[in-house]
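# Observations on chain architecture
Listed below are the residues making up each chain.
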Amino acid sequence: MAGNIHPTAVVDPAANIDPTAVIGPFAVVGPNVTIGAGTEIGPYCMVDGVTTIGRDNRFYRYCSIGGMPQDKKYAGELTGLTIGDRNTVREFVTLNTGTVQDGGVTTLGDDNWIMAYVHVAHDCHIGSNTILANSVQLGGHVHVGDWAIIGGLTGVHQFSRVGAHTMTGGNSSLMQDTPPFVLAAGNPCRPVGINVEGLKRRGFTPVMVSALREAYKIIYRRGLPLDAARAELRERQQSIPEAAEHLQTLLDFLDVASRGIIRP
């Protein structure tokens, strides 16, 4: 193991580091950290907190991983950060641990691309295959679904949800929940349609895309109250078996959209 740890790195003896992990120059690793096989911690990174990192991740220089939450209620509790496999985390990214006021853990799934200067606050839950572009700022308790793409310099309000397969333009301000499959942009962020190109690239069939386009119209173009829109979506779900799973994803999201959804 020592051969993969640079002599200038400061690694607590209590840390659990796989022998194939790499710890770069001047990195600091705390006692409650677990690092999986093949993961690389770049120069000058700080990894502390109760942090568990999976396999084959790459953290570029100057990342702060597992730092304490930026929450005035935080009183030094041992809270956690759990990171999956094959994530790329670029320069100056901050990933904070959770708080006891929520579940006590911040999570990052697999195969995510986290660009420079991104901040992921306490108790955030990010799925897999997401892209957070440069300087995205996530407030506390934000949930980001699988395959979501958030444009650079975008801020996401605390407790907001960003649905699966969404794409938001750069410099956006997300103050409410963004439903799955939606393309959105602006300050405040507004929906502009379905993320058609992204869905096609991920193998969504024409029937699926058409069903989601119609779902968008039901939610945003018909002037229906949200309860009425949900009822109509459930009816359509029964008549389009090929898209039923994706319509259910949309319905599940709308059922828990506590901050309300973004509007045109």
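Residues numbered from 1 in each chain as written. Predicted model: local features only at pLDDT ≥ 70, side-chain atom pairs only at ≥ 80, totals over all residues. Heavy atoms only, no water.

### Here's the deal with the sheet that holds strand β17 (residues 125–126)
If you walk across this open sheet you meet the eight strands as β2-β5-β8-β11-β14-β17-β20-β23, and the pairing is parallel. Edge positions in the sheet fall to β2 (16–17) and β23 (161–162), since each of these pairs with one other strand and no more. In this structure, β2 lies alongside strand β5 (residues 33–35), joined through two bridges in parallel fashion. Residue pairing across strands places Ile17 opposite Ile35, the latter belonging to β5. (Pairing = 2+ DSSP bridges. Helix = DSSP H or I, 4+ residues; strand = E, 2+ residues; numbered from the N terminus.)

### Quick notes on the nonpolar core
In globular proteins that are soluble, nonpolar side chains generally tend to be buried together. Judged by nonpolar contacts, the single largest core of 67 residues is most densely connected at Ile23, Ile35, Ile41, Phe59, Ile65, Leu132 and Leu138. Among the secondary structure elements, those contributing two or more residues to this core are β5, β11 (80–83), β26 (182–185), α1 (196–201), α2 (206–220), α3 (226–239) and α4 (244–255). By residue number, the principal contributor to this core is α2, which donates nine residues. Leu138 has contacts with His119, Val120, Ala121, Cys124, Ile126, Leu132, Val144, Ile150 and Val156, leaving out every residue within four places of it along the chain. (Core = buried A, V, L, I, M, F, W, Y, C linked by side-chain atoms within 4.5 Å. Buried < 20%, exposed > 50% of the residue type's maximum accessible area, 1.4 Å probe, protein only. Contact = heavy atoms within 4.5 Å.)

### Here we look at a nonpolar patch on the surface
Together, Phe26, Tyr44, Tyr62, Phe92 and Tyr117 give the surface a local cluster of nonpolar side chains, amounting to about 530 Å² of exposed area. Looking at where Tyr62 falls in the secondary structure, it is placed in the loop between β9 (58–59) and β10 (64–67). For Tyr62, a relative accessible area of 37% puts it in the partly exposed group. (Patch = residues over 30% accessible without salt bridge, like charges linked within 9 Å, V, L, I, M, F, W, Y side chains within 5 Å. Areas by Shrake-Rupley, 256 points an atom, 1.4 Å probe, with all protein chains shown as cover. Salt bridge = Lys/Arg side-chain N within 4 Å of Asp/Glu carboxyl O.)

### Topic: the side chain of His165
For His165, the location among the structural elements is in the loop between β23 and β24 (167–168). A polar contact is formed between the side chain of His165 and the side chain of Arg202, at a distance of 3.1 Å. Those residues in contact with His165 that sit more than four places away from it in its chain are Asp146, Trp147, Ala148, Phe181, Val182, Asn195, Leu199, Arg202 and Phe204. (Polar contact = N/O pair within 3.5 Å; in protein donor to acceptor, adjacent residues only side chain to side chain.)

### Re the packing of α2 against α4
Between α2 and α4, whose axes approach to 10 Å, the crossing angle comes to 30 degrees. In terms of axis orientation, α2 runs roughly parallel to α4. Residues Met208, Ala211, Leu212, Ala215 and Ile219 of α2 form the contact with α4, whose own contacting residues are His246, Leu247, Leu250 and Leu254. (Axes fitted to C-alpha atoms, helices over the stretch in contact; angles between N-to-C directions. Parallel < 35°, antiparallel > 145°, perpendicular 65-115°, else oblique.)

### Overview of the environment of Gly80
Here Gly80 lies in strand β11. With 26 residues separating them along the chain, Gly80 and Thr106 place their C-alpha atoms 6.4 Å apart. Once residues within four sequence positions are removed from consideration, Gly80 is found in contact with Val50, Thr97, Gly98, Gly104, Val105 and Thr106.

### Quick notes on empty space enclosed by the protein
The final tally for this structure, using the stated rule, is one cavity of 30 Å³ or more. One number sums up the size of the largest cavity: a volume of about 60 Å³. Along its surface, the largest cavity is lined by Pro179, Pro180, Phe181, Val182, Ile194, Leu212, Ala215, Tyr216, Ile219, Tyr220 and Leu250. Broken down by element, the lining of the largest cavity gets its largest block of residues, five residues, from α2. Taken together, the residues of the lining of the largest cavity sort by class into eleven nonpolar, no polar and no charged. (1 Å grid on protein atoms, 1.4 Å probe; cavity = no way out; pocket = protein on both sides within 12 Å on 5 of 7 lines; lining within 4 Å. Points joined across faces, edges and corners; volume = space filled by probe spheres on them. Nonpolar A, V, L, I, M, F, W, Y, C, P; charged D, E, K, R; others polar.)

### Thoughts on unusual backbone geometry
With omega at 5 degrees, the peptide bond leading from Asn187 into Pro188 counts as cis. Assignment of secondary structure puts Pro188 in the loop between β26 and β27 (190–194). The backbone phi angle of Arg86 is positive, close to 60 degrees, even though this residue is not glycine. Of note in this structure, Phe159 is not a glycine but carries a positive phi near 70 degrees. With respect to the helices and strands, the residue Phe159 is situated in the loop between β22 (155–156) and β23.

### Focus on the sheet that holds strand β7 (residues 46–47)
Read from one edge to the other, the open sheet built from nine strands follows the order β1-β4-β7-β10-β13-β16-β19-β22-β25, with strand pairing classed as parallel. For this open sheet the edge positions go to β1 (10–11) and β25 (173–174), each flanked by a neighbour on one side alone.

### Comments concerning α2
The α-helix winds at 3.6 residues per turn, so residues separated by three or four positions along the chain end up facing the same way. Given a rise of 1.5 Å per residue, 15 residues ought to cover 21 Å, and the 21 Å separating the end C-alpha atoms of α2 matches this to within 8%. Looking at the buried positions of α2, the neighbouring elements they touch are β26, β27, α1, α3 and α4. (Expected span 1.5 Å × (residues − 1).)

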